[in-house]
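Close look at the chain arrangement
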Amino acid sequence: MISSIFVLLALGSFVLAAEAPPTHRERGRVILKEILAQAWAASWHEATLENVRLVAQKKDLAHPTGLPPVWHAELKGPDGRTGYLMWDNKKEGRLVEFALDDTLPVKGAINGVPPLQQFPVIDPDGKAMASGCVPTSAASLLSYWIERRHQDAPPTREVTLTLRKQLRMIPFPDTDGFTPDGMTLAGALPISMAKVLENEVTRRKWPLAVRHLPFSMKYFREEIAAGHPTLLACTVRVPHLPHLSWGHAVVGIAASRIDEVDLVGIHDNFYPTRNPGTIRWIGSNAFRSLTVVVPKEN
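Residues numbered from 1 in each chain as written. Predicted model: local features only at pLDDT ≥ 70, side-chain atom pairs only at ≥ 80, totals over all residues. Heavy atoms only, no water.

1. Focus: the overall build of the protein chain
Of regular secondary structure, the protein chain possesses five helices and 15 strands. Taking 19 Å as the expected radius of gyration for a compact globule of 298 residues, we find that the protein chain reaches 19 Å, a close match to that expectation. By principal-axis analysis of the C-alpha atoms, the protein chain measures approximately 60 × 45 × 35 Å. Taken across its 298 residues, the protein chain has 55% of its residues classed as buried. Taking the contacts inside the protein chain whose residues are at least 6 apart along the sequence as the reference set, 67% of them involve residues at least 24 apart. Surface accessibility of the protein chain: about 13700 Å² in total, with carbon and sulfur atoms responsible for 53%. Positive and negative side-chain charges of the protein chain, numbering 33 and 30 respectively, have mean locations separated by a distance of 4 Å. (Helix = DSSP H or I, 4+ residues; strand = E, 2+ residues; numbered from the N terminus. Rg over C-alpha atoms; globule rule 2.2 N^0.38 Å. Buried < 20%, exposed > 50% of the residue type's maximum accessible area, 1.4 Å probe, protein only. Contact = heavy atoms within 4.5 Å. Areas by Shrake-Rupley, 256 points an atom, 1.4 Å probe, with all protein chains shown as cover. Lys, Arg positive; Asp, Glu negative; His and termini not counted. Charge placed at Lys NZ, Arg CZ, Asp CG, Glu CD.)

2. Some thoughts on helix α5 (residues 217–225)
Of all the positions in α5, only Met217, Tyr219, Phe220, Glu223 and Ile224 are classed as buried. Axial view of α5: buried residues confined to an arc of 160 degrees, hence all on one face. Structural note: α5 exposes Lys218 and Ala225 on the side pointing more than 90 degrees away from its buried face. Of the surrounding secondary structure, the elements contacted by the buried residues of α5 are β10 (208–214), β11 (230–238), β12 (241–258), β13 (261–267) and β15 (287–295). Positive phi shows up at Gly227, right after α5, with a value of about 85 degrees. (Arc of directions from axis to C-beta.)

3. Structural notes on the environment of Ala186
Inspection of the secondary structure puts Ala186 in strand β9 (residues 185–187). Once the C-alpha coordinates of Ala186 and Val134 are considered, the two residues, 52 residues apart in sequence, prove to be 8.9 Å apart. Among all residues touching Ala186, those that are not within four sequence positions of it are Met129, Ala130, Gly132, Cys133, Arg164, Met169, Ile170, Pro171 and Phe172.

4. Observations concerning the pattern of salt bridges
If you walk through the whole model with that rule in mind, you get 17 salt bridges. Glu147 is the partner of Arg148 in a salt bridge, and the nearest nitrogen-oxygen pair spans 3.8 Å. Overall, Arg148 belongs to the partly exposed group, its relative accessible area being 34%. On the basis of relative accessibility, which here comes to 39%, the residue Glu147 falls in the partly exposed class. (Salt bridge = Lys/Arg side-chain N within 4 Å of Asp/Glu carboxyl O.)

So, in structure tokens, the structure goes:
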């Protein structure tokens, strides 16, 4: 169930340019055609692009990321299903990212990773603060392993709070409109989360190891093929508010290649979808590091 602190905001809040020229609109259609050619997207074969616009980043973003403008389109699918598509504003107009709000049978994706959304917690001053992307996504990863170690699995929210207590959470006032009520955001360092995960694995006496290293698409593909979800650090736009972007942490569960772009499939903890199992697909150049839990070598 989607947390009540996140709601889809009207497209009117985007920073948008005029209608896309025919060449850019056609590029979006070409990309969509290749997406819909994937076996797992067969039920979306009649999907269309709507409201194609150029989206620039908010000029006074409190923490600028330097991400360039991109073309953005809503996807209208069957039975009222929706999604979105973004592609470059460069000459080649390559795919940047997309999502189909649906639970789809993606071959090779890791199933069973809880897709938890961030939720409000109460800070020491008695005010609401977001649970934070780092502990929330790490809790999805750890909950996956708890279930596979045949232990009593506490709710993923509870796991989030357990991990969060061991981190130094940095509050960020929401001056840009990430949340509808201006709730304080919270960040933490992924490398610190790797150390916390090591502590948890040791405490539970699991024959597992935690690795934290720079992102590599080759290594990511290998881990996904081995059935190991990964905690990923990235710099990305907010899918439902693409004029906003940030440093983010998510859990990776799938890999693909579309439009000559290597794609990382994730569960995003800050993306209010109708279907919690929705996979958000993002170009690999957005990712900086990964943390993975793997069986120890003998």
